[in-house]
Amino acid sequence: MPLDIETRNELIATVRRFVSERLVPNEDKTARDDLVPDAIVAEMRELGLFGISIPTEYGGLGLTMEEEVLVCIELGQTSPAFRSTIGTNVGIGSQGLVMFGREDQKREWLPKLASGEAIASFCLTEPGAGSDAASLRTTAIRKGDHFVVNGTKRYITNANKASVFTLMARTDPANKGAGGITAFFVPANLKGITIGKPDRKMGQQGAHICDVIFEDCHVPASCMLGQEGQGFRVAMQVLDRGRLHISAVCVGVSERLIRDAVKYALERDQFGQKIAEFQLIQAMLADSKTESYAARCMVLDAARKRDAGDNVTMEAACTKYFASEMVGRVADRAVQIFGGAGYVTDYGVERFYRDVRIFRIYEGTSQVQQLVIAKNLLKSMG
Ligand code: COS
């Protein structure tokens, strides 16, 4: 059920205030410490942010996709590392369970995920299976009432904090394709699971990614998510939704960078006038605003279509492709408008420039989005 307009506006205003009063002042410290402060995580829990996409009957806010993207546009107006703290619980970590879980699995996990007491991560990517996700090699071999899991998952966001994993593994080794894969919802404290050290990365310090290694891990058959052999479909449907969430964050970051660039251009004097008066600066601002606005319209339209029950695989891919490329261009122009000040750390613009680079890669590269768009387009016309 959508929120009434007053409640929705109140929610957006609350998130906006939280971002400007609590998150923006902590951006630099979070990046330097490579850690989101505990106090901020506690406040995020208090606000219900971990559970925005989890149905109300399990303790979440039960937002529609449209409402979720509006919240994410606000959360995008600060370092994306903060969004990442709640990102897996809201998105790829929990939504397999929401969409495909049994009632007992939902009752056990969703309230804890909604409150942020438990963190969920999404284990799809492997050292040899990134864009080619269907080639994953982690195996889950049935032995009575258990599956024995072996394999390594890579670049798993929030793995070092996770209490539970949405895991995609091959239950039919004879089937090397998508049909041999099954999804599981696996408690992180099972014997045989080791978490690697967080990887050092280009940006989004404060958000962590690690390897997750399964060695003869006995996973009860009751942890299966959906039907055997349907795991790739589970992963793809989770990602369709995740791609809209990420697109909204891209829109948020672009709006923040445009605001910062306009403010700077109005303050900075060169050649005896504010640089905002130069048409070449104005052109950069205009291009950024146009593209950001287009991405905002796309993500809202796709979210509304999804809420109406439409299949939005193609629209989600179009939106993720455009929004993530767009924010890269906007960040690049922001650095250019700030000039030397954009290259040093003082204004945070160079931090955003690095932070946004991953948007074109994770939850499907731009090239994967192009493939999905073309495939769906050809199918619809064929
Ligand atoms: N929703 C439901 N089912 C889907 C689907 C979707 N969005 N996309 C694919 N499927 C189904 C297909 O219908 C097909 O089922 P059938 O064999 O029963 O017809 C099956 O899944 C295999 O689909 P397909 O043949 O398209 O798979 P490919 O191996 O060609 O893979 C891409 C397609 C490249 C699109 C996929 O591997 C992908 O998205 N890769 C990127 C992975 C990713 O985003 N990783 C990020 C990890 S999280 S940070």
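Here the structure is a predicted model, which is why all the values come from computation and not from measurement. (Residues numbered from 1 in each chain as written. Predicted model: local features only at pLDDT ≥ 70, side-chain atom pairs only at ≥ 80, totals over all residues. Heavy atoms only, no water.)

Asker: Can you explain the overall build of the protein chain? Please cite residues and give values.
Answerer: Of the regular secondary structure elements, the protein chain holds 13 helices and 10 strands. The C-alpha radius of gyration of the protein chain comes to 21 Å, within 12% of the 21 Å expected for a compact globule of 382 residues. Along the longest, intermediate and shortest principal axes, the C-alpha atoms of the protein chain span 80 × 55 × 45 Å. A total of 382 residues make up the protein chain; the buried ones form 54% of that total. Across the protein chain, the fraction of contacts at a sequence separation of at least 24, relative to all contacts at a separation of at least 6, is 75%. A total accessible area of about 17200 Å² is found for the protein chain, and carbon and sulfur atoms account for 53% of it. (Helix = DSSP H or I, 4+ residues; strand = E, 2+ residues; numbered from the N terminus. Rg over C-alpha atoms; globule rule 2.2 N^0.38 Å. Buried < 20%, exposed > 50% of the residue type's maximum accessible area, 1.4 Å probe, protein only. Contact = heavy atoms within 4.5 Å. Areas by Shrake-Rupley, 256 points an atom, 1.4 Å probe, with all protein chains shown as cover.)

Asker: How would you summarise the site of the ligand if you had to cite specific residues and measurements?
Answerer: The environment of the ligand is made up of 20 residues, and the closest members are Ser131, Asp240, Arg243, Gly364 and Lys375. Serine 131 has a polar backbone atom sitting 2.8 Å from a nitrogen atom of the ligand. Arginine 243 places a polar side-chain atom, nitrogen or oxygen, 2.9 Å from an oxygen atom of the ligand. Relative to its free-state accessible area of 1000 Å², the ligand is covered by the protein chains to the extent of 66%. At the level of secondary structure, the elements contributing two or more residues to the shell around the ligand comprise α8 (231–267) and α13 (366–381). No other element matches the 7 residues that α8 contributes to the shell around the ligand. Class assignment for the residues of the shell around the ligand results in 9 nonpolar, 6 polar and 5 charged. Residue assignment places the shell around the ligand across two domains, with domain 2 (120–228) and domain 3 (233–381) each supplying three or more. (Near = heavy atom within 4 Å. Polar contact = N/O pair within 3.5 Å; in protein donor to acceptor, adjacent residues only side chain to side chain. Nonpolar A, V, L, I, M, F, W, Y, C, P; charged D, E, K, R; others polar. Domains from an automatic or database assignment.)

Asker: Pulling in residues and values, what's your account of the pairing of strand β4 (residues 164–170)?
Answerer: Burial analysis of β4 places 7 of its 7 residues in the buried class, which makes it a mostly covered element. Burial of β4 is two-sided: the residues Val164, Thr166, Met168 and Arg170 facing one way and the residues Phe165, Leu167 and Ala169 facing the other way are all buried. Here 4 bridges tie strand β1 (residues 120–123) to β4, and the two strands are oriented parallel to one another. Bridge assignment links serine 121 to a residue of β4, and that residue is phenylalanine 165. (Pairing = 2+ DSSP bridges.)

Asker: Explain helix α5 (residues 80–90) to me, using residue names and the numbers behind them.
Answerer: A large share of α5 lies buried, amounting to 11 of its 11 residues. Looking only at α5, the buried set comprises Pro80, Ala81, Phe82, Arg83, Ser84, Thr85, Ile86, Gly87, Thr88, Asn89 and Val90.

Asker: Please set out the domain arrangement of the protein chain residue by residue, giving values where relevant.
Answerer: What the domain assignment reports for the protein chain is domain 1 (5–115), domain 2 (120–228) and domain 3 (233–381). For domain 1 versus domain 3, the separation of C-alpha centres amounts to 20 Å. On the domain 3 side, the residues contacting the 26 residues of domain 1 number 29 residues. Carbon and sulfur atoms make up 64% of the surface buried where domain 1 meets domain 3, a total of about 2500 Å² over both sides. Counting every contact that joins domain 1 to domain 3 gives 4 salt bridges. Between glutamate 66 and arginine 304 there is a salt bridge; the shortest N-O distance is 3.0 Å. On the surface where domain 1 and domain 3 come into contact, there are 14 residue pairs in polar contact (both at pLDDT 80 or more). Those elements that place two or more of their residues in the side of domain 1 that touches domain 3 are α2 (27–33), α4 (65–75), α5 and α6 (95–100). With 7 residues, α4 is the single largest residue contributor to the side of domain 1 that touches domain 3. Here the side of domain 1 that touches domain 3 is built from residues that sort into 12 nonpolar, 9 polar and 5 charged. (Buried area = accessible area lost by both parts, 1.4 Å probe. Salt bridge = Lys/Arg side-chain N within 4 Å of Asp/Glu carboxyl O.)

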